[in-house]
Amino acid sequence: MSGKVLRLVCTAAVTAGCVLAPLPATAAPPPDPGGAGVAQQLTDLQQLYRQAEQATETYDATAEKLKKQRAEVARLDGALAKVRLSLQDSRGAAGRLARQQYQNSTDISPYVRLLLARDPQQALDQGHVIGRLARERAETVGRLTGTEKRAGALARAARKALDQQLSLAARQKKDRDDVQGRLKKVEELLVSLTPEQISALGELEKSGVDKAQRTLVASGALDDNRPPSPEGDRAVRYAVRQLGKPYRWGAEGPASYDCSGLTSKAWDRAGTPIPRTSQEQWAQLPRVPLEQLRPGDLVVYFPEATHVAMYVGRGMVIQAPRTGEKIKVSPIATYPILGALRPDERDT
């Protein structure tokens, strides 16, 4: 990462009051009257946070599908309205032809007309006109039939799309309730803890992150000699401007974000749209080894790809961590790393 961008990140992080550990440490771990150790409490809390984030990503994925489905319903409704107007015009033309045919109907055969005509050539010319009108009638009827078929097909597609939209809306409500239920469990656990216990949890979590970070850096897996691409630089700068804003599940900005809401919006502003959720990002974007990381790349966490952050250089990432926290700069090893992604790899 260029020195200029790194200074920008560090200055913004200090200004926003961002800390590198999820919880502050101010006291030594007290004895646990409930019998469970601090380590177990931390494990329980982290598991609840992880379950809540996984539910959030599921909610985000459903919300994205619902957005696309609503657009499809609107498209089909528009197409159906146009074909119905065309159908109305075709039926009007068919009605006019039917009236003309009735008014001009006769029991005399065209062959008899030709034999009785004073001017056989004129009769032949009239026969040519009659044939042309007959072809026009056939074309009108064919157009009417085809339009009716298209209208029927569009109507069925619109009904199916609407049913899918309603199904997705019901699933989104279920996913939303799941997120809220899991967040409530987090709140209940936090409320049950004393300030001393929360401090102990913060100290234990920080020490675990510091150890994981030292191990990763010592392994030589990170190389900070790679500058960001122009798109990556713009994505980082956008993410830096969001430092200090609150995490909120399902949010895509500008007032608040969840983890993938931040990364997707940053890359969208950089001119390279990417999938909305961390799981879709992991499934669809090009992957890069950790030793090739450059600022702007995405770091995905946990085996289920339920968390994502943006690399900014020197072993640090910008992330929207979890409920109750703000967007901040953190060590890359804050959570178990699944892998890294480069959204603009296809353009380089």
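Residues numbered from 1 in each chain as written. Predicted model: local features only at pLDDT ≥ 70, side-chain atom pairs only at ≥ 80, totals over all residues. Heavy atoms only, no water.

Colleague: Is there a simple way to think about the overall build of the protein in this case?
Modeller: Within the protein, the secondary structure is distributed over eight helices and six strands. Moving toward the C terminus, one meets the helices and strands of the protein in the order α-α-α-α-α-α-α-α-β-β-β-β-β-β. Counting across all 348 residues of the protein, residues that qualify as buried make up 42%. Within the protein, contacts between residues separated by at least 24 positions form 74% of all contacts whose residues are at least 6 apart in sequence. Summed over its atoms, the accessible surface of the protein is roughly 19,000 Å², and 55% of this surface lies on carbon and sulfur atoms. (Helix = DSSP H or I, 4+ residues; strand = E, 2+ residues; numbered from the N terminus. Buried < 20%, exposed > 50% of the residue type's maximum accessible area, 1.4 Å probe, protein only. Contact = heavy atoms within 4.5 Å. Areas by Shrake-Rupley, 256 points an atom, 1.4 Å probe, with all protein chains shown as cover.)

Colleague: Before we go on, may I ask you to explain the packing of aromatic side chains in this structure?
Modeller: Aromatic ring pairs are described here by two measures, namely the spacing of the ring centres and the angle between the planes. If you walk through the whole model with that rule in mind, you get three aromatic pairs. Relative to Trp 249, the ring of Tyr 59 has its centre 4.9 Å away and its plane inclined at 80°; by these criteria the two rings are edge-to-face. Placement of the pair is Tyr 59 in helix 2 (residues 38–103) and Trp 249 in the loop between helix 6 (230–241) and helix 7 (259–269), with a sequence separation of 190 residues. A single burial state applies to Tyr 59 and to Trp 249, both of which are buried. Ring centres of Phe 302 and Tyr 335 lie 5.5 Å apart, and the angle between their planes is 45°; on these two criteria the pair is classed as tilted. Here Phe 302 is found in the loop between strand 2 (298–301) and strand 3 (307–313), whereas its partner Tyr 335 is found in the loop between strand 5 (328–331) and strand 6 (337–341), with 33 residues between them in sequence. An aromatic cluster of at least three residues, connected via ring pairs, comprises Tyr 301, Phe 302 and Tyr 335. Here Arg 287 stacks its cationic end above the ring of Trp 282, 3.7 Å away from the centre of that ring. (Phe/Tyr/Trp six-rings, centres within 6.5 Å; stacked < 30°, edge-to-face > 60°. Lys NZ or Arg CZ within 6 Å of the ring centre and 35° of its normal.)

Colleague: Got a minute to help me understand helix 6 in this structure?
Modeller: Every α-helix winds through 3.6 residues per turn, so residues three or four apart in the chain are directed the same way. In a regular helix each residue adds 1.5 Å, so 12 residues correspond to 16 Å; helix 6 covers 17 Å between its end C-alpha atoms and thus fits that length. Where helix 6 is concerned, the buried positions are Gly 232, Asp 233, Ala 235, Val 236, Tyr 238, Ala 239 and Val 240. (Expected span 1.5 Å × (residues − 1).)

Colleague: Looking at this model, I keep getting lost on the pairing of strand 6. Mind explaining?
Modeller: Of the pairings in the sheet, the one linking strand 1 (residues 287–288) to strand 6 comprises two bridges and is antiparallel in character. Residue pairing in the sheet places Val 288 in a bridge with Ala 340 of strand 6. As judged from the four bridges shared by strand 2 and strand 6, these two strands associate in the antiparallel manner. Of the residues in strand 6, the one forming a bridge with Val 300 is Gly 339. (Pairing = 2+ DSSP bridges.)

Colleague: Where do I start with unusual backbone geometry in this structure?
Modeller: Generally, phi is negative for residues other than glycine and the peptide bonds are trans, each holding for most cases. With omega at 0°, the peptide bond leading from Gly 253 into Pro 254 counts as cis. Along the chain, Pro 254 turns up in the loop between helix 6 and helix 7. Phi at Ala 305 takes a positive value of approximately 55°, unusual for a residue other than glycine. Tracing the backbone through its elements, the reader meets Ala 305 in the loop between strand 2 and strand 3. Residue class for Ala 305 comes out buried when judged on its relative accessible area of 3%. Of note, Arg 314 is a non-glycine position whose phi angle comes to about 55°, a positive value. Position of Arg 314 relative to the elements: it lies in the loop between strand 3 and strand 4 (316–319). Here Arg 314 falls in the exposed class, since its relative accessible area comes to 61%.

Colleague: For this particular structure, what's the right way to read the sheet that holds strand 6?
Modeller: For sheets, the rule is that strands pair by backbone hydrogen bonds, running either parallel or antiparallel. Reading across from one edge, 1-6-2-3-4-5 is the order of the six strands in this open sheet, with antiparallel pairing throughout. Strands with a single pairing partner mark the edges of an open sheet, and in this sheet they are strand 1 and strand 5. Across the sheet, helix 6 is in contact with strand 3 and strand 4; its angle to strand 3 comes to roughly 110°. Each of strand 2, strand 3 and strand 4 touches helix 7; the most contacted strand, strand 3, lies at about 50° to it. (Axes fitted to C-alpha atoms, helices over the stretch in contact; angles between N-to-C directions.)

Colleague: Sorry, what's going on with the pattern of salt bridges here?
Modeller: Pairing between side chains of opposite charge can happen when the charged atoms of each approach one another. In the structure shown here, the tally under the stated rule is 14 salt bridges. As a salt-bridge pair, Arg 75 and Glu 72 come within 2.9 Å of each other at their nearest N and O atoms. On the criterion of helical spacing, the pair formed by Arg 75 and Glu 72 is a turn pair, its members being three residues apart in helix 2. Looking at Glu 72, the relative accessible area reads 29%, which means it is partly exposed. Ionic contacts of the salt-bridge type, sharing partners, join the residues Asp 60, Glu 252, Asp 258 and Arg 276 into one network. (Salt bridge = Lys/Arg side-chain N within 4 Å of Asp/Glu carboxyl O.)

Colleague: Whenever I open this one, the confidence of the model for the protein confuses me. Can you help?
Modeller: Regions with low pLDDT carry predicted coordinates that are not meant to be interpreted in detail. Predicted confidence across the protein gives a mean pLDDT of 76, with 70% of residues reaching 70 or more. In the model, residues 8–36 has pLDDT below 50 throughout and makes 57 contacts with residues more than four positions away in sequence or in other chains. (pLDDT = per-residue confidence, 0-100.)

Colleague: Looking at this structure, how should I read the environment of Gly 250?
Modeller: Locating Gly 250 in the fold gives a position in the loop between helix 6 and helix 7. For Gly 250 and Thr 277, which are 27 residues apart along the polypeptide, the C-alpha to C-alpha distance reads 9.8 Å.

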